[in-house]
Amino acid sequence: MCNTTAGIFQTSQSLTLSAADAIANASIAAVSDLATHKPMCVTVLDSAGGILVQKRMDGCPDGAYVKISYAKARTCIHLRTSSRTFREKYTGSGEAAKFTQAASMVSIMEGELVPVAGGVLVRSADGCAVGAIGVSGAAADEDEYLAWKGVGAMTSKGFRLSTVPEDHCCKTLK
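A brief structural summary. Note that the structure is a prediction, hence the values are computed from the model and not measured.

What counts and how
- Residues numbered from 1 in each chain as written.
- Predicted model: local features only at pLDDT ≥ 70, side-chain atom pairs only at ≥ 80, totals over all residues.
- Heavy atoms only, no water.
- Buried < 20%, exposed > 50% of the residue type's maximum accessible area, 1.4 Å probe, protein only.
- Helix = DSSP H or I, 4+ residues; strand = E, 2+ residues; numbered from the N terminus.
- Pairing = 2+ DSSP bridges.
- Axes fitted to C-alpha atoms, helices over the stretch in contact; angles between N-to-C directions.
- Contact = heavy atoms within 4.5 Å.
- Phe/Tyr/Trp six-rings, centres within 6.5 Å; stacked < 30°, edge-to-face > 60°.

It is worth spelling out the pairing of strand E3 (residues 41–46) at this point. Taking burial as the measure, the six residues of E3 include six buried ones, the bulk of the element. Burial along E3 is two-sided: the residues Cys41, Thr43 and Leu45 and Val42, Val44 and Asp46 are all buried. Relative to strand E4 (residues 51–56), E3 is paired through five bridges, and the arrangement is antiparallel. By the bridge assignment for E4, Val42 is matched with Lys55.

Printed below as a string of structure tokens:
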């Protein structure tokens, strides 16, 4: 159960600092899978949206990529889905009203939502959102792949985590 109530108190699950650090490190290591090496910024958030780890690779400019990786991860926490899903839901059909709604949501949330792939929601074995990872510095599909790969490194170590999206669609791997 994601949140349990005992009287008037709630408890929830979240990634630990150690897990977040391992996810970020695995995402950075996966840059070597890309056809072209690109320096990235990786942000891993806890289930409430607080920053656990934020890493910027050597050569990655400070500024935009730091903010974009954070916004991609926050999108996942706020909407309980991936930043790609947010993009597809509101911009995929080309309908002006949906695009306007997405732009309004971004504005209302003061930049904490971004309809760009690269943000991946992390779930526990029972489906609870336990954190999110956002990556920025390359093409959106590559960013999403790196985020997905970071979480995958934890599952390969026996931790039962899943992601939204469940798979990546990056086509620029070696």
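With that out of the way, let us pick up the sheet that holds strand E5 (residues 119–124). Spatially, five strands are ordered E4-E3-E6-E5-E7 in an open sheet, and the strand pairing comes out antiparallel. What marks the edges here is a single partner per strand, and that holds for E4 and strand E7 (161–164). Sheet twist, expressed as the mean angle between neighbouring strand axes with direction ignored, is 20°. Lying on the sheet, helix H1 (residues 17–29) is in contact with E3, E4 and strand E6 (129–136); it crosses E4 at an angle near 25°.

With that out of the way, let us pick up the packing of aromatic side chains. Throughout the structure, instances matching the rule amount to two aromatic pairs. Taking the centre distance of 5.5 Å and the plane angle of 65° together, the rings of Phe86 and Tyr90 count as edge-to-face. Highlighted residues: Phe86 and Tyr90, both in helix H3 (residues 83–91), separated by four residues, approximately one helical turn. Neither residue differs from the other here; Phe86 and Tyr90 are each classed as buried.

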